Amino acid sequence: MTQVELDEIERKYQLPLPADVRALWGWHDGADRTANSGFGNLFPQLTAAIDWAALTLRIRRAGDADDTWGADREPSAATRWVTLKGGQTSTEIDVTDPGLGDCPVLIQDPTSPLDAFPKFTLTESIEGWILAVEIGYWYVENGRWRYRPENYPSTPDRWRM
């Protein structure tokens, strides 16, 4: 994506994007769902990533989570996310503070409080993708990404993939 395209998306969504998020989607505008076989919705196109994150936050805030875990363990009204990996348990980039250097990334499970899962940075998440390729968990076959479940790591690194 060009800087102009990123600027247009920021204006459309009224969402200032941190520099590292702009750099990632500036390098490549994610993947459409049909081409992303085997990975759920990993690294979606930016507009989809913003839309999915907004929906996730709306659902989370509208649910009974506040009654279960307390408002201090749920996303505030000001919280803004961009989805890095979609699904029932999603990986979200917290873009609430666009001035942060390396955005926090969290695993969002609708059945658990947000502090029940590890948090890491966008850089660490991308390092996890590299690790997935290096250990043979992810590979390319016939031009499509695939994965080998038997190579999934048992270490905390698995959350970054």
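> For the overall build of the chain, give the residues involved together with the corresponding values.
In terms of helices and strands, the chain carries 5 helices and 7 strands. In sequence order, the chain lays out its α and β elements as α-α-β-α-α-β-β-β-β-α-β-β. Here the analysis covers contacts within the chain between residues at least 6 apart in sequence; of these, 49% occur between residues at least 24 apart.

> How would you explain helix α2 (residues 19–27) if you had to name every residue and give the values?
If you check which residues of α2 are buried, you get Asp-20, Val-21, Arg-22, Leu-24 and Trp-25. Where the residues of α2 are buried, they touch α1 (3–13), α3 (46–62), β2 (81–86), β3 (90–94) and α5 (122–134).

> Help me get a handle on the sheet that holds strand β1 (residues 41–42), residues and values and all.
Taken together, the 5 strands give an open sheet; going across it, the order is β1-β2-β3-β4-β5, and neighbouring strands pair in antiparallel fashion. Either end of the sheet is taken by a strand with one partner, and the two such strands are β1 and β5 (119–121). Pairing between β2 and β3: 4 bridges, direction antiparallel. Across the sheet, the residue bridging to Lys-85 is Thr-91, located in β3. Sheet strands in contact with α2 are β2 and β3, and its direction is about 45° off that of β2.

> Quick one: what's the story with the pairing of strand β7 (residues 144–147), residue by residue and with numbers?
With 4 bridges joining them, strand β6 (residues 138–141) and β7 adopt antiparallel strand pairing. Of the residues in β7, the one forming a bridge with Trp-138 is Tyr-147. Where β6 folds back onto β7 in an antiparallel hairpin, the turn is made up of 2 residues, including Asn-142, whose phi is positive at roughly 55°.

> Account for the side chain of Asp-109, naming residues and giving values.
By the secondary structure assignment, Asp-109 is in the loop between β4 (104–108) and β5. Once you skip the residues sitting within four places of it in the chain, Asp-109 turns out to touch Arg-60, Thr-89 and Phe-117.

> Before we move on, could you go through the packing of α1 against α3 and cite the residues and values that matter?
Where α1 contacts α3, the axes come no closer than 11 Å and their chain directions differ by 25°. Classified by the angle between their axes, α1 and α3 sit roughly parallel to one another. Once α1 is placed against α3, the crossing between them reads as right-handed. Where α1 approaches α3, its residues Leu-6, Ile-9 and Tyr-13 are matched on the opposing element by Leu-46, Thr-47, Ile-50 and Asp-51. Class assignment of the residues belonging to the contact of α1 with α3 gives a composition of 5 nonpolar, 1 polar and 1 charged.

Calculation rules
Residues numbered from 1 in each chain as written. Predicted model: local features only at pLDDT ≥ 70, side-chain atom pairs only at ≥ 80, totals over all residues. Heavy atoms only, no water. Helix = DSSP H or I, 4+ residues; strand = E, 2+ residues; numbered from the N terminus. Contact = heavy atoms within 4.5 Å. Buried < 20%, exposed > 50% of the residue type's maximum accessible area, 1.4 Å probe, protein only. Pairing = 2+ DSSP bridges. Axes fitted to C-alpha atoms, helices over the stretch in contact; angles between N-to-C directions. Parallel < 35°, antiparallel > 145°, perpendicular 65-115°, else oblique. Left-handed = near helix turned anticlockwise from the far one by under 90°. Nonpolar A, V, L, I, M, F, W, Y, C, P; charged D, E, K, R; others polar.

Remember, this is a structural readout, not a statement about activity or role.
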